Amino acid sequence: MFKWCEIKAACAVVLVLILAANPAFAADISVSQAWMRATIGAGGNSAAYMTIANAGSAADVLTGVTTPVAGMADVHQTVEDNGMMKMEAVPKLEIPAGGSVSLSPGGYHVMVMQVGKKLTAGDTVPMTLTFERAGAVDIDVPVVPLGASGPG
Amino acid sequence: MSRIRLILWALVAFAVAAVSTITLYRGQNPALQVTVVDGRIKPFSLIGPGNQLITNAHFRGKWMLLFFGYTHCPDICPTTMLTIASVLNDLGDEAVKLQPIFITIDPERDSPALLKDYLANFDSRILGLGGDEQRVAEAAEAFGVFYRKQPIDNSDGDYYMDHSTALYLVDPDGRLARPYVPDVPPGELAEKLRVRFRTFEEK
Ligand SMILES: [Cu+2]
């Protein structure tokens, strides 16, 4: 017969083994401070900003974003090119182990294009971020006024 | 004799290399090259929110702070408009001396009426100007502003605009005071403007 404390120890060992074998749980990725601006009409563009943290012991990579409100969504970076500012697609955004990446104005953003209907302050936009290790992470992004500078 | 010739040609080669390097360098920085005629900015003539013709002469006696952008711009343009809105607030009573102007570089989608609605989200004191391709191209050229259409893959004709994002300050006499990079903290920009206002008034 096993003693109760032995069962607990065995369970703990199994848990540690599972963790070691599969270091990136969806729970390792957390998204905070998400926000996006309202659009001026149907068919407009918006950018979503957020902080993505990775509590895991291995780096993870954001490979895609989808949202039912828009025709297209991609991770972009605003960069300077010969005195012009332009946006470039970032197909792979690495979130370092134990670190975080912030998507903020003038840097990284989730570009949300061809938004079917006008987004108004107070709306919430569901978004699914796909990571190489953590898989799909669902978030809700609050819409703030076009003239706002943060999540409010 | 041949040695002198060698040295001479070496000097010529050096000069050619130097000049072409300078020219190339200039070519890579097309922005911020504002055309100046008799010390003043080149005239522009655009269409205002009530479909009226508005030229630079309209703003004589006022400071102009100009920015070129487009309403479908999701990141840089709203951020810069927020900066301008906050500069207007920081300026308080002195804000009446300044006319902030947003000139669209996407006249295909930005009608003067749409510009007005868009800018009201930041501060209705910002004036939106547009017009046809030709008028916009002339105004942009006068300020050395570069822009180009960037088609989006698999989007059925949708596009972004790549564009210069400096802010241009023009004094009440129509002289370019200076371009600013857009990421100046608003508080700092308001203070810089106050100093410029004062220097100009004491002149
Ligand atoms: Cu973008």
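As the structure is a computational prediction, the values presented were derived from the model and not from experiment. (Residues numbered from 1 in each chain as written. Chains lettered and ligands numbered in written order. Predicted model: local features only at pLDDT ≥ 70, side-chain atom pairs only at ≥ 80, totals over all residues. Heavy atoms only, no water.)

1. Comments concerning the overall build of chain A
Okay, step 1: Assigned secondary structure in chain A consists of 1 helix and 10 strands.
Okay, step 2: Along the chain direction, N to C, the helices and strands of chain A fall in the order α-β-β-β-β-β-β-β-β-β-β.
Okay, step 3: In chain A, once contacts between residues fewer than 6 apart in sequence are set aside, the share between residues at least 24 apart is 68%.
Okay, step 4: With the model as given, the accessible surface of chain A reaches about 7500 Å², and the carbon-plus-sulfur share is 59%. (Helix = DSSP H or I, 4+ residues; strand = E, 2+ residues; numbered from the N terminus. Contact = heavy atoms within 4.5 Å. Areas by Shrake-Rupley, 256 points an atom, 1.4 Å probe, with all protein chains shown as cover.)

2. Details of the overall build of chain B
Okay, step 1: The helix and strand tally for chain B stands at 5 helices and 11 strands.
Okay, step 2: Per-residue burial for chain B yields a buried fraction of 46% across its 203 residues.
Okay, step 3: For chain B, restricting intrachain contacts to residue pairs at least 6 apart in sequence, the fraction spanning at least 24 positions comes to 69%.
Okay, step 4: As displayed, chain B offers around 10500 Å² of accessible surface, 56% of which is attributable to carbon and sulfur atoms. (Buried < 20%, exposed > 50% of the residue type's maximum accessible area, 1.4 Å probe, protein only.)

3. Looking at the side chain of Q99(B)
Residue and element names in this part refer to chain B.
Okay, step 1: Relative to the helices and strands, Q99 resides in strand 6 (residues 98-104).
Okay, step 2: A distance of 3.2 Å separates a polar side-chain atom of Q99 from the backbone oxygen of R125.
Okay, step 3: Not counting residues within four places of it along the chain, the set of residues in contact with Q99 comprises F59, K62, W63, M64, L65, R125 and L127. (Polar contact = N/O pair within 3.5 Å; in protein donor to acceptor, adjacent residues only side chain to side chain.)

4. Examining unusual backbone geometry
Okay, step 1: One non-glycine residue, Q114(A), lies in the positive phi region at around 55°.
Okay, step 2: Despite not being glycine, N51(B) has its phi angle at roughly 65°, a positive value.
Okay, step 3: Structurally, N51(B) can be placed in the loop between strand 3 (45-47) and strand 4 (53-55).
Okay, step 4: A residue is classified by how much of its surface remains accessible, and N51(B), at 59% relative accessible area, is exposed.

5. Topic: the coordination of the copper ion
All names here are of chain A.
Okay, step 1: Coordination of the copper ion by the protein is provided by H76 (ND1), M87 (SD), H109 (NE2) and M111 (SD), with metal-donor distances spanning 2.1 to 2.4 Å.
Okay, step 2: Coordination geometry of the copper ion: the 4 donor atoms subtend angles of 98 to 117° at the metal centre, consistent with an arrangement described as tetrahedral.
Okay, step 3: Mapped onto the polypeptide sequence, the residues donating to the copper ion form the spacing pattern H-x10-M-x21-H-x1-M. Within this pair, whereas H76 is found in strand 4 (residues 70-81), its partner H109 is found in strand 8 (residues 108-115), the two being separated by 33 residues in sequence.
Okay, step 4: By relative accessible area, H109 is classed as buried at 0%. (Donors = N, O, S within 2.8 Å, 3.2 Å for Na, K, Ca; no water. Tetrahedral: all angles 85-135°; square planar, octahedral: opposite > 155°, others 65-115°.)

6. A look at the state of the cysteines
All names here are of chain B.
Okay, step 1: According to the stated counting rule, one finds 1 disulfide over all chains in the structure shown.
Okay, step 2: Two residues, C73 and C77, share a disulfide whose sulfurs are 2.5 Å apart. Measuring handedness by torsion sign, the sulfur bridge of C73 and C77 sits at about 95° and is right-handed. Each member of the pair, C73 as well as C77, carries the same accessibility label: buried. (Disulfide = S-S within 2.5 Å.)

7. Here we look at the interface of chain B and chain A
Okay, step 1: On the chain A side, the residues contacting the 29 residues of chain B number 29 residues.
Okay, step 2: Carbon and sulfur atoms make up 60% of the area that chain B and chain A hide from each other, which totals about 2300 Å².
Okay, step 3: Sorting the residues of chain B by area buried against chain A places P74(B), D75(B) and Y160(B) first, and these three jointly supply 26% of that buried surface.
Okay, step 4: Put simply, chain B and chain A have 1 salt bridge between them.
Okay, step 5: Its salt-bridge partner being R148(B), residue D81(A) comes within 3.2 Å of it at the nearest N-O pair.
Okay, step 6: Our count for the chain B to chain A interface comes out at 8 residue pairs in polar contact (both at pLDDT 80 or more).
Okay, step 7: At the level of secondary structure, the elements contributing two or more residues to the side of chain B that touches chain A comprise helix 2 (76-91), helix 3 (112-120), strand 8 (147-151) and strand 9 (159-163) of chain B.
Okay, step 8: Per-element tally for the side of chain B that touches chain A: the top contributor is helix 2 of chain B, with 4 residues.
Okay, step 9: For the side of chain B that touches chain A, the per-class residue count stands at 13 nonpolar, 11 polar and 5 charged. (Buried area = accessible area lost by both parts, 1.4 Å probe. Salt bridge = Lys/Arg side-chain N within 4 Å of Asp/Glu carboxyl O. Nonpolar A, V, L, I, M, F, W, Y, C, P; charged D, E, K, R; others polar.)

8. Side note on the sheet that holds strand 10 (residues 167-170) of chain B
All names here are of chain B.
Okay, step 1: Overall, mixed pairing links the 5 strands, which are arranged 7-6-5-10-11 in an open sheet. Where the open sheet ends on each side, the last strands, each with one partner, are strand 7 (127-129) and strand 11 (176-180). With direction set aside, neighbouring strand axes in the sheet form an average angle of 25°.
Okay, step 2: Note: strand 5 (residues 63-69) against strand 6, 7 bridges, orientation parallel. If you follow L66 over to strand 6, its bridge partner there is I101. (Pairing = 2+ DSSP bridges. Axes fitted to C-alpha atoms, helices over the stretch in contact; angles between N-to-C directions.)

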